[in-house]
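Here are the chains, one letter per residue:
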Amino acid sequence: MSQIFEVVLSNLSRHGIENCLEIANEIEVEMSSPISTRKRYSFEEVVEVVFKATTKHFPTYIEYTVFNGVKYTNVIPITMDALKTKSRKRELVEVRQIMMHILTAKLDAATLKSIGGIFGNRDHSTVIHARDTIDGLLDVGKDFKRSYDAIYNEVKWQLSYEN
C-alpha cells in the first residue's frame, strides 16, 4: 500500500466516512494516473508548460557570425519558433528532444504525429528518435539526468497545482 494511500485511508477512517476504502482506492488510481489525465489541459497548454520549464534550464543558444573578418558571438534566447526550424544546433536539438521526451514518455500528451507537428511538422519517427535519444542520455549522463529531472519535476508541479 502506498504512503499516499495509507494517509488518505487513515484520515478517512478517522472522520467516519463510509466506504473509505473505496474512496481511498479512487484517490490512489487518480494519483497514479498520467498527469495529463488528472486535470483537463489542452495540448497547447501542456506544451507551453513544458516549453517554459525546459527553457528555464536551457534559455539560450549561441550563434556565431563573421563580419569583416571578425567573429562575433550572439547569445540568442530559445523560442518556440526557433525549435520549429530545421536547425541542427546542439542547444536547439537538445531542448527539442527533451520536450518531445517529456510529452511522449512522461505525459503521454498526444499522438507522435501531433507532437511532431508542433516542432515544425516533424515526422513521428523523429519524435521516437528524440525519445530514444533522451532515454540513452538519461542512462549515462548524471548531470543531464539532474537537469532533466529538474525540468520534469517543474512540469509535474505546474500541471498538478495550476488552477
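Described below are features of the structure shown in this document.

Calculation notes
- Residues numbered from 1 in each chain as written.
- Predicted model: local features only at pLDDT ≥ 70, side-chain atom pairs only at ≥ 80, totals over all residues.
- Heavy atoms only, no water.
- Helix = DSSP H or I, 4+ residues; strand = E, 2+ residues; numbered from the N terminus.
- Buried < 20%, exposed > 50% of the residue type's maximum accessible area, 1.4 Å probe, protein only.
- Contact = heavy atoms within 4.5 Å.
- Salt bridge = Lys/Arg side-chain N within 4 Å of Asp/Glu carboxyl O.
- Core = buried A, V, L, I, M, F, W, Y, C linked by side-chain atoms within 4.5 Å.
- Axes fitted to C-alpha atoms, helices over the stretch in contact; angles between N-to-C directions.
- Parallel < 35°, antiparallel > 145°, perpendicular 65-115°, else oblique.
- Left-handed = near helix turned anticlockwise from the far one by under 90°.
- Nonpolar A, V, L, I, M, F, W, Y, C, P; charged D, E, K, R; others polar.

## Here we look at unusual backbone geometry
Backbone geometry at Asp-108 places phi at a positive 50 degrees, although glycine is not the residue there. Although it is not a glycine, Asn-121 sits at a positive phi angle of roughly 55 degrees. With respect to the secondary-structure elements, Asn-121 resides in the loop between α7 (112-118) and α8 (124-140). Judged by its relative accessible area of 66%, Asn-121 falls in the exposed class.

## Side note on the side chain of Thr-104
Summarising the element assignment, Thr-104 is placed in helix α6 (residues 90-106). Residues contacting Thr-104, with those up to four places away along its chain left out, are Leu-112, Ile-115, Val-127 and Arg-131.

## Quick word on the pattern of salt bridges
For the structure shown, the criterion picks out five salt bridges. With its nearest N and O atoms 3.4 Å apart, the salt bridge here joins Glu-154 to Lys-56. One end of the pair, Glu-154, is in helix α9 (residues 142-161); the other, Lys-56, is in helix α4 (residues 43-57), and 98 residues separate them in sequence.

## Topic: the nonpolar core
Of all hydrophobic cores here, the largest spans 35 residues; its most connected members are Leu-83, Met-99, Ile-102, Leu-103, Leu-107, Phe-119 and Val-155. For this core, the secondary structure elements donating two or more residues are α4, α5 (80-84), α6, α7, α8 and α9. Beyond its immediate sequence surroundings of up to four residues, Leu-103 is in contact with Val-46, Val-47, Val-50, Asp-108, Ala-109, Ile-115, Ile-118 and Phe-119.

## Quick word on the packing of α4 against α6
Their axes nearest at 10 Å, the elements α4 and α6 cross at an angle of 135 degrees. With respect to their mutual orientation, α4 and α6 come out oblique. With respect to the hand of their crossing, α4 and α6 are arranged in right-handed fashion. Between α4 and α6, the residues in contact are Val-46, Val-47, Val-50, Phe-51 and Thr-54 and Val-95, Ile-98, Met-99, Ile-102 and Leu-103, respectively. When the residues that make up the contact of α4 with α6 are grouped by side-chain class, the tally is nine nonpolar, one polar and no charged.

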